[in-house]
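Overview (structure and organization)
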Amino acid sequence: MNGGDEVVDKALELGTTFFRNENYPKAKEIFKKAFKLVRSYNDKQLLRLRETYGLAKYSSDNHSRVYHPKYVRILDNLAATYEKTGELDTALKYAQRMLAVEPSNLKCYIRFGKILQKQGKDGDALDSYDRALGTIEDKQGNHVDASERFVAIIEQQKAIVKERLRQSTFSGVHDKNSNTRSKRSFIDPIQERKQLSKRLKRSHCEKESELAKQPKDYVDELPFEVLPLIYRLFSNK
């Protein structure tokens with residue numbers, strides 16, 4: 001039993017290495033094998049394993065099935081890998097399975113909303129973010145993954161999607177319930193700050209460059225009391 005779980009951990013580690021090295025086909029292959037393995041455990045083995053990890057017997061309100069402790073993580077890795085290869089419909093299916101298993105896990109909503117945005121389904125993404133924030137309010141005090149980081153990401157993405165929908169509505173192109181197929185990029189908060197910093201720095205450098213190209217008027221820099229003497233010399237000639 002423990003040996004089997006070690007295989008899952010090694011598969012996750014190896015698949016993540018391939019993913020980071022952008023070898024997505026190989027990462028996909030490894031994650032799918034790990035997924036197949038965790039689904040092969042029987043309920044008795046899974047219950048014992050969850051107890052070892054200090055987890056509750058069931059991952060959600062549905063007590064009809066017991067899941068491996070790494071089940072949702074593997075689903076997330078598969079969704080991320082299919083997302084990278086542009087297979088967004090398949091990625092979305094894995095994200096939906098994540099939510100079905102752990103409907104109170106905010107990370108599931110982040111992945112789900114991210115893929116919906118890339119599919120151009122801003123209305124659905126907004127609904128997903130609303131559900132995520134509603135989950136925190138409804139289940140306060142229970143075992144909910146409500147880290148400040150995840151809440152901040154969801155609130156930021158919700159604001160971005162709402163603004164995009166508002167602008168689209170004004171232009172008459174899109175409404176909340178329509179799902180255009182144009183791709184939307186998910187904006188990572190940290191990456192967004194880095195890009196903004198680069199734009200500001202570039203703008204500052206461009207302004208300095210423009211100023212350096214402009215001809216310099218040395219007369220303007222002379223003391224005011226010297227100017228009459230200079231003008232007198234010009235007039236005497």
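Quick look at the structure, then.

Conventions adopted
- Residues numbered from 1 in each chain as written.
- Predicted model: local features only at pLDDT ≥ 70, side-chain atom pairs only at ≥ 80, totals over all residues.
- Heavy atoms only, no water.
- Helix = DSSP H or I, 4+ residues; strand = E, 2+ residues; numbered from the N terminus.
- Buried < 20%, exposed > 50% of the residue type's maximum accessible area, 1.4 Å probe, protein only.
- Contact = heavy atoms within 4.5 Å.
- Axes fitted to C-alpha atoms, helices over the stretch in contact; angles between N-to-C directions.
- Parallel < 35°, antiparallel > 145°, perpendicular 65-115°, else oblique.
- Left-handed = near helix turned anticlockwise from the far one by under 90°.
- Arc of directions from axis to C-beta.
- Polar contact = N/O pair within 3.5 Å; in protein donor to acceptor, adjacent residues only side chain to side chain.
- Core = buried A, V, L, I, M, F, W, Y, C linked by side-chain atoms within 4.5 Å.
- Nonpolar A, V, L, I, M, F, W, Y, C, P; charged D, E, K, R; others polar.
- Salt bridge = Lys/Arg side-chain N within 4 Å of Asp/Glu carboxyl O.
- Phe/Tyr/Trp six-rings, centres within 6.5 Å; stacked < 30°, edge-to-face > 60°.

Before going further, it helps to spend a moment on the overall build of the protein. Along the protein, the regular secondary structure elements total 10 helices and zero strands. Counting from the amino terminus, the protein carries its helices and strands in the arrangement α-α-α-α-α-α-α-α-α-α. In the protein, buried positions account for 36% of the 237 residues. In the protein, of all internal contacts separated by at least 6 residues, the share reaching a separation of at least 24 is 62%.

Right, let's talk about the packing of helix H4 (residues 71-84) against helix H5 (residues 88-101) for a bit. Contact pair H4 / H5: the axes reach a minimum separation of 8 Å and the direction vectors enclose 160°. Here H4 is positioned roughly antiparallel relative to H5, judged by the angle of their axes. As H4 packs across H5, the resulting crossing turns out to be left-handed. Here Tyr 71, Val 72, Leu 75, Asp 76, Leu 78, Ala 79, Tyr 82 and Glu 83 of H4 come into contact with H5, specifically with Leu 88, Thr 90, Ala 91, Tyr 94, Ala 95, Arg 97, Met 98 and Val 101.

All buried positions along helix H3 (residues 43-52) are accounted for by Leu 46, Leu 49 and Arg 50. Angularly, the buried residues of H3 cover 100° about the axis, an arc narrow enough to put them on a single face. Facing away from the buried surface of H3 by more than 90 degrees, the exposed residues are Lys 44, Glu 51 and Thr 52. With a side-chain oxygen positioned 3.1 Å from the backbone nitrogen of Lys 44, the residue opening H3 is Asn 42. Of the residues trailing H3, Gly 54 is marked for its positive phi of about 75°.

This part covers the nonpolar core. Grouped together as the largest cluster of nonpolar side chains are 48 residues, with contacts concentrated most on Phe 35 and Ile 74. The set of elements that each furnish at least two residues to this core consists of helix H1 (2-20), helix H2 (24-38), H3, H4, H5, helix H6 (106-118), helix H7 (122-138) and helix H8 (148-171). For this core, the element with the most residues is H5, which contributes eight residues. Phe 35 has contacts with Tyr 71, Ile 74, Leu 75, Leu 78, Tyr 94 and Arg 97, leaving out every residue within four places of it along the chain.

Our focus in this paragraph is the packing of H4 against H6. At a minimum axis distance of 11 Å, the contact between H4 and H6 shows a crossing angle of 15°. Comparing their axes, H6 and H4 come out roughly parallel. Read as a crossing pair, H4 and H6 show a hand that is left-handed. Judged by residue contacts, Val 72, Asp 76, Ala 79, Ala 80 and Glu 83 of H4 engage Lys 107, Cys 108, Arg 111, Lys 114, Ile 115 and Lys 118 from H6. Among the residues making up the contact of H4 with H6, the classes are represented as five nonpolar, no polar and six charged.

On to the pattern of salt bridges, then. The tally for this structure, following the rule as stated, stands at 12 salt bridges. A salt bridge links Glu 83 to Lys 114, with the shortest nitrogen-to-oxygen separation between them at 3.2 Å. Here Glu 83 is found in helix H4, whereas its partner Lys 114 is found in helix H6, with 31 residues between them in sequence. Here Glu 83 falls in the buried class, since its relative accessible area comes to 6%. Assessed through its relative accessible area of 18%, Lys 114 is described here as buried. A salt bridge links Lys 158 to Asp 130, with the shortest nitrogen-to-oxygen separation between them at 2.7 Å. Here Lys 158 is found in helix H8, whereas its partner Asp 130 is found in helix H7, with 28 residues between them in sequence. Looking at Lys 158, the relative accessible area reads 21%, which means it is partly exposed.

Take the environment of Ile 136 next. Relative to the assigned elements, Ile 136 resides in helix H7. It is 8.7 Å that separates the C-alpha atoms of Ile 136 and Leu 106, two residues lying 30 residues apart in sequence.

Summed over all chains, the structure comprises five aromatic pairs. Note on Phe 35 and Tyr 71: the rings are 5.4 Å apart at their centroids and 45° apart in plane angle, and the pair reads as tilted. Within this pair, whereas Phe 35 is found in helix H2, its partner Tyr 71 is found in helix H4, the two being separated by 36 residues in sequence. When the ring of Tyr 67 is compared with that of Tyr 71, the centres are 4.8 Å apart and the planes differ by 45°; the resulting orientation is tilted. Taken as a pair, Tyr 67 and Tyr 71 share a single burial class, namely buried. Cluster of aromatic residues (ring-pair linked, three or more members): Phe 35, Tyr 67, Tyr 71, Tyr 82 and Tyr 94.

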